[in-house]
Amino acid sequence: MASLSRVLRVATICPGWISCRVLGLRSLSSTAGPPPEKSVPYQMTLKEEQGSSEVTHGPSRPLPSEASVVVIGGGSLGCQTLYHLAKLGVSGAVLLERERLTSGTTWHTAGLLWQLRPSDVEVELLSHTRRVVSHDLQEETGLHTGWIQNGGLFIASNRQRLDEYKRLMSLGKAYGVESHVLSPAETKALYPLMNVDDLYGTLYVPHDGTMDPAGTCTTLARAATARGAQVIENCPVTGIRVRTDDFGVRQVAAVETEHGSIQTPIVVNCAGVWAGTVGRMAGVKVPLVAMHHAYVVTERIEGIQNMPNVRDHDASVYLRLQGDALSVGGYEVNPIFWEEVSDKFAFGLFDLDWDVFTQHIQGAINRVPVLERTGVKSTVCGPESFTPDHKPLMGEAPELRGFFLGCGFNSAGMMLGGGCGQELAHWIIHGRPEKDMYAYDIRRFHHSLSDHHRWVRERSHESYAKNYSVVFPHDEPLAGRNMRKDPLHEELLGRGCVFQERHGWERPGWFSPQGAAPVLDYDYYGAYGHQVHKSYTYHQLLGDEYTFDFPPHHDVIKKECLTCRGAAAVFDMSYFGKFFLVGPDARKAADWLFSADVSRPPGSTVYTCMLNHRGGTESDLTVSRLDPGSQASLLAPAFDGDGYYLAVGGAVAQHNWSHITSVLQDQRFRCQLIDRSEDLGMISVQGPASRAILQEVLETDLSNEAFPFSTHKLVRAAGHLVRAMRLSFVGELGWELHVPRADCVPVYRAVMAAGAKQGLVNAGYRAIDSLSIEKGYRHWHADLRPDDSPLEAGLAFTCKLRSGKPFLGREALEQQRASGLRRRLVCFTVDEKVPMFGLEAIWRSGQVVGHIRRADFGFAIDKTIAYGYIRDPSGGPVSLDFVKNGDYALERMGVTYAARAHIKSPFDPDNKRVKGIY
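For clarity, every value in this text was computed on a predicted model and none was experimentally measured.

What counts and how
Residues numbered from 1 in each chain as written. Predicted model: local features only at pLDDT ≥ 70, side-chain atom pairs only at ≥ 80, totals over all residues. Heavy atoms only, no water. Disulfide = S-S within 2.5 Å. Buried < 20%, exposed > 50% of the residue type's maximum accessible area, 1.4 Å probe, protein only. Axes fitted to C-alpha atoms, helices over the stretch in contact; angles between N-to-C directions. Helix = DSSP H or I, 4+ residues; strand = E, 2+ residues; numbered from the N terminus. Parallel < 35°, antiparallel > 145°, perpendicular 65-115°, else oblique. Left-handed = near helix turned anticlockwise from the far one by under 90°. Contact = heavy atoms within 4.5 Å. Pairing = 2+ DSSP bridges. Expected span 1.5 Å × (residues − 1). Salt bridge = Lys/Arg side-chain N within 4 Å of Asp/Glu carboxyl O. pLDDT = per-residue confidence, 0-100. Polar contact = N/O pair within 3.5 Å; in protein donor to acceptor, adjacent residues only side chain to side chain.

Student: A description of the state of the cysteines should follow, citing residues and the corresponding values.
Tutor: A complete count under the given rule lists 0 disulfides for this structure. Distance from the sulfur of cysteine 407, which forms no disulfide, to the nearest cysteine sulfur (cysteine 270) is 7.3 Å. On the basis of relative accessibility, which here comes to 2%, the residue cysteine 407 falls in the buried class.

This is the structure we're talking about:
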């Protein structure tokens with residue numbers, strides 16, 4: 001057998017993949033023998049259980065005529081979803097697998113489970129998977145799933161990487177995940193075969209481990225069928241039958257196979273690499289790509305037994321314990337795309353391309369030097385599905401009611417399967433998951449992007465290539481950029497705007513005094529024959545911020561913030577979602593959808609939430625009541641009766657649109673939802689000088705009496721008709737101008753000209769982040785999520801609970817209010833000037849009571865500000881007295897800092913500034 005070092009040498013000598021394959025490993029071996037096998041290292045697979053000589057014809061059991069749910073795909077997610085549906089009491093659920101369970105991608109997966117990730121939700125999902133495979137299944141069935149708890153070891157060969165691991169350790173304390181930061185010497189004592197000469201330290205998680213795909217999936221199937229579910233193998237799906245109801249809503253009606261059809265209202269697409277094909281059967285977009293993903297299995301290594309699994313992120317390699325050997329794999333910058341996905345591919349593997357894989361070998365040998373003398377026993381190169389943000393695709397498809405996604409798991413289907421299977425089951429049964437699953441929700445992608453071939457391909461490649469990169473707070477993608485540009489894009493680019501990407505939009509991040517920093521076409525980091533961009537200013541600016549300290553542009557953002565507080569700043573917020581809700585039932589729909597009372601006179605604007613039936617917050621937004629009219633324009637459609645203008649965060653516009661649409665359909669409201677997001681710009685002028693500036697631009701009286709806070713008007717701005725709203729996202733006197741796209745540049749230039757003598761500056765969303773947290777304004781999906789109620793988040797004022805009007809989520813809020821809040825969002829400030837970004841553990845009187853969701857630096861108060869939900873460790877309600885009487889500290893990277901809890905915002909707690917009182 002060839003040693004890994006020999007493979008590395010021949011790849012260097014023979015860089016062409018064809019010549020390397022011709023030479024093969026046989027000629028490299030010190031002794032004659034066959035080349036490595038192309039097979040997975042597991043003792044048993046379901047392919048072998050069937051037997052190579054056995055030929056199956058037709059489904060493994062007769063098809064039922066109907067089913068409550070049909071799950072398509074018998075891999076990890078399909079089996080986990082079926083199991084959790086059955087466990088939650090769903091009868092008549094059916095899983096259809098075109099071949100055998102695990103035959104697509106699950107059978108060859110490495111099966112690693114790491115408990116710590118830079119996401120509180122993912123930590124919870126991983127914890128549930130671990131509990132299912134290590135305890136629940138064995139207790140229910142008496143069968144061993146193949147779980148092995150050998151621990152996990154993350155390698156840090158630079159300071160930033162060790163800082164990242166310390167952040168994970170702090171988060172783990174909030175969830176009871178045991179972890180330890182080890183010195184190089186301690187690491188050597190734990191793993192004697194490891195080279196630690198170049199290490200800064202490691203993170204050791206003793207209860208990490210590995211799963212066996214065949215053992216886990218067969219046990220899941222056994223447990224599910226014991227509860228009445230059915231598993232039918234050898235039954236390929238050929239079509240999804242759809243019906244359109246009398247309200248015009250498309251809904252799943254049946255699943256068609258080669259052997260008959262099954263009537264069902266719900267389909268779950270767990271087809272992995274083949275999920276795109278299943279989606280096309282139903283007219284559903286599934287944004288993923290298929291790639292080759294590989295590892296090699298070594299020969300026996302003396303002394304490796306019982307060692308923990310290793311992730312050396314900086315070398316982009318993992319080392320999985322495989323009995324007395326290791327599996328070696330990783331993520332390369334030039335993965336091979338599987339361009340034509342075959343529907344006949346089952347228990348299949350590709351030939352390993354050593355030119356692609358060799359980049360992992362040097363890192364593996366450096367970390368465990370004995371590998372240089374160790375032979376390669378087998379190679380495993382199989383297909384895996386990858387998505388544009390390296391997150392799974394889950395939830396109900398916006399195009400088709402009853403069609404759910406559970407696919408695109410980016411080689412993490414085994415470790416995330418239990419948690420995601422449970423959440424998907426809740427989603428199907430109750431209409432929403434229990435946890436905040438927005439990061440996995442298919443509705444996170446704008447509909448214009450989810451089937452855009454170039455965008456999906458570029459972003460999926462970059463997410464794959466950067467999978468092991470440090471997750472820095474202010475990083476931005478380089479792939480799939482410039483998809484959606486607002487009307488001020490070129491104007492702001494020339495003024496030094498450094499853009500962020502959200503929902504496909506290029507939105508202002510901050511303004512560089514060094515001048516323009518355009519985002520260039522994606523260069524694939526030099527892969528596939530692309531030339532790497534030289535002197536790429538935008539990429540260099542991003543790289544400068546790869547730190548967990550205050551970023552080098554901290555003072556630039558400080559200037560934007562303090563100028564807004566002291567004079568005025570203009571913010572381009574054109575990426576916002578802008579919808580009109582009109583129609584005969586518009587008022588009924590608004591009363592039901594919005595937690596606040598929006599039935600105010602035309603000209604009023606209300607800040608409100610939208611909730612789910614559990615009282616969780618699906619959105620926060622502003623709703624403006626409109627005057628009816630017969631003349632349609634971009635600023636208002638023609639309508640009779642009631643009409644509303646909705647302004648929602650641009651990064652979550654698709655989620656808002658889909659949520660509203662689903663509620664309208666479920667309640668049978670006769671309404672029209674009109675999207676004007678691309679047709680209108682949004683220019684926000686904020687600060688003490690905003691009135692003086694805009695009084696020169698707007699042809700209307702801006703006094704408090706004539707234009708009060710939370711009102712809006714159609715007015716002329718530099719001769720152009722705009723909708724002006726007196727609102728603020730930063731806690732200052734200010735107005736938003738909603739402007740037809742063609743008029744945005746002249747209106748913006750008029751504002752800048754009028755503001756020149758007042759010291760008006762451009763500012764971006766980095767400044768908004770700081771200013772808004774300083775004022776105590778919430779950011780949806782940070783300190784306000786679908787698993788947070790407005791009562792818990794301190795937004796009770798947005799809920800019309802004192803009125804008798806019903807609204808979605810009201811019953812849940814009333815129950816919560818009656819029983820007491822079990823957690824509460826609290827503002828903290830830290831006197832010591834130390835940066836925080838979220839995930840820090842919250843200590844109260846010596847006990848961990850939560851973690852920070854959102855943090856930033858407040859320049860006006862000159863302190864770090866952090867928001868997080870706290871619980872009473874005794875399990876009781878969290879009263880205001882409980883909040884006030886604690887002794888608090890925030891743990892950042894293993895170091896605690898004294899903190900002060902605030903009941904109100906530490907900046908302008910009496911809300912004088914938005915009223916123009918300075």
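Student: I'd like a rundown of the packing of helix H4 (residues 76-87) against helix H8 (residues 213-226), residues and numbers included.
Tutor: Two quantities define a packed helix pair, namely the angle between the helix axes and the distance between the axes. It is at 9 Å that the axes of H4 and H8 come closest, and there the two elements cross at 25°. Here H4 lies roughly parallel to H8, going by the angle between them. For the crossing formed where H4 meets H8, the hand is left-handed. Here Ser76, Cys79, Gln80, Leu82, Tyr83 and Ala86 of H4 lie close against H8, whose contacting residues are Cys217, Leu220, Ala223 and Ala224.

Student: Describe the sheet that holds strand S1 (residues 69-72), listing the residues and the values that go with them.
Tutor: Here 6 strands make up an open sheet; going across it, the order is S8-S2-S1-S12-S19-S18 and the pairing mixed. Whereas interior strands pair on both sides, the edge strands pair on one side only; in this sheet they are strand S8 (230-232) and strand S18 (393-396). The average undirected angle you get between the axes of adjacent strands in this sheet is 20°. Sheet analysis places S1 next to strand S2 (residues 93-96), joined by 4 bridges and oriented parallel. Looking at S2, one finds that valine 70 is bridged to valine 94. Seen against the sheet, H4 touches S1, S2, S8, strand S12 (267-269) and strand S19 (403-407) and runs at an angle of roughly 170° to S2. On the sheet, helix H9 (residues 275-282) packs against S1, S12 and S19 and is oriented at approximately 170° with respect to S19.

Student: Tell me about the pairing of strand S39 (residues 895-902), and name the residues and values.
Tutor: Regular strands place their side chains on alternate faces of the sheet. Summarising the sheet, strand S34 (residues 823-830) and S39 pair through 4 bridges and their orientation is antiparallel. Considered in S39, the bridge of cysteine 827 is made with histidine 902. Note: strand S38 (residues 888-892) against S39, 5 bridges, orientation antiparallel. Paired with alanine 889 across the bridge in S39 is alanine 898. Taken together, S38 and the strand that follows it, S39, pair antiparallel across an intervening segment of 2 residues, in which methionine 893 is found at a positive phi of about 55°.

Student: Now, about helix H16 (residues 554-566): what can you tell me, with residues and values included?
Tutor: When the terminal C-alpha atoms of H16 are compared, their 18 Å separation across 13 residues agrees well with the 18 Å that a helix rising 1.5 Å per residue should span. Among the residues making up H16, those that are buried are His554, Ile557, Glu560, Cys561, Thr563, Cys564 and Arg565. Check the buried side of H16 and you find it contacts strand S22 (505-511), strand S23 (569-572), strand S29 (680-686), strand S33 (761-763), helix H21 (765-775) and strand S36 (847-858).

Student: Go over the pattern of salt bridges, please, and point to the residues and values.
Tutor: Throughout the structure, instances matching the rule amount to 56 salt bridges. Note that arginine 484 is salt-bridged to glutamate 678, the shortest N-O span being 2.8 Å. Here the residue arginine 484 occupies a position in strand S20 (residues 484-485), and glutamate 678 occupies one in the loop between strand S28 (672-675) and S29, the gap between them amounting to 194 residues. Residue arginine 484 is classed as buried on the basis of its relative accessible area, which comes to 6%. Judged by its relative accessible area of 36%, glutamate 678 is partly exposed. Here glutamate 732 makes a salt bridge to arginine 913, at a shortest N to O gap of 2.9 Å. Here arginine 913 lies in the segment after S39 and glutamate 732 lies in the loop between strand S31 (720-725) and strand S32 (734-740), a separation of 181 residues in the sequence. Across the pair, arginine 913 and glutamate 732 agree in class, each one buried. Each member of the salt-bridge network shares a partner with another, and the members are Lys87, Asp136, Glu140 and Arg227.

Student: Mind laying out unusual backbone geometry, listing which residues take part and the relevant values?
Tutor: Phi is positive for leucine 839, close to 85°, though the residue is something other than glycine. Here leucine 839 is to be found in the loop between S34 and strand S35 (841-844). A positive phi is found at methionine 893, a non-glycine position, where the angle reads about 55°. In this fold, methionine 893 is placed in the loop between S38 and S39. What makes methionine 893 buried here is its relative accessible area of 10%.

Student: Now, about the sheet that holds strand S5 (residues 180-182): what can you tell me, with residues and values included?
Tutor: As summarised here, the arrangement of the 8 strands in space is S5-S6-S4-S14-S15-S16-S13-S17, forming an open sheet in which the pairing is mixed. Looking at the sheet topology across the chains shown, the edges are occupied by S5 and strand S17 (376-386). Strand-to-strand twist across the sheet, computed as the mean angle between neighbouring axes with direction ignored, equals 20°. Strand direction decides the pairing type here: S5 and strand S6 (residues 201-205), joined by 3 bridges, are antiparallel. Paired with valine 181 across the strands is leucine 203, a residue of S6. Lying over the sheet, helix H13 (residues 453-465) contacts strand S13 (289-298), strand S16 (325-330) and S17, oriented at roughly 25° with respect to S13.

Student: If you had to explain the confidence of the model for the protein chain to someone new, which residues and values would you point to?
Tutor: The predicted model of the protein chain has a mean per-residue pLDDT of 94, with 95% of residues at 70 or higher. The low-confidence segment residues 14-32, where pLDDT is below 50, has 29 contacts with residues more than four positions distant or belonging to other chains.

Student: I'd like to hear about the side chain of aspartate 642, residue by residue, with values.
Tutor: Secondary-structure assignment places aspartate 642 in the loop between strand S26 (617-625) and strand S27 (643-648). A distance of 2.5 Å separates the side chain of aspartate 642 from the side chain of arginine 625, its partner in a polar contact. Those residues in contact with aspartate 642 that lie beyond four places of it in its chain are Leu581, Val582, Gly583, Ala586, Arg587 and Arg625.

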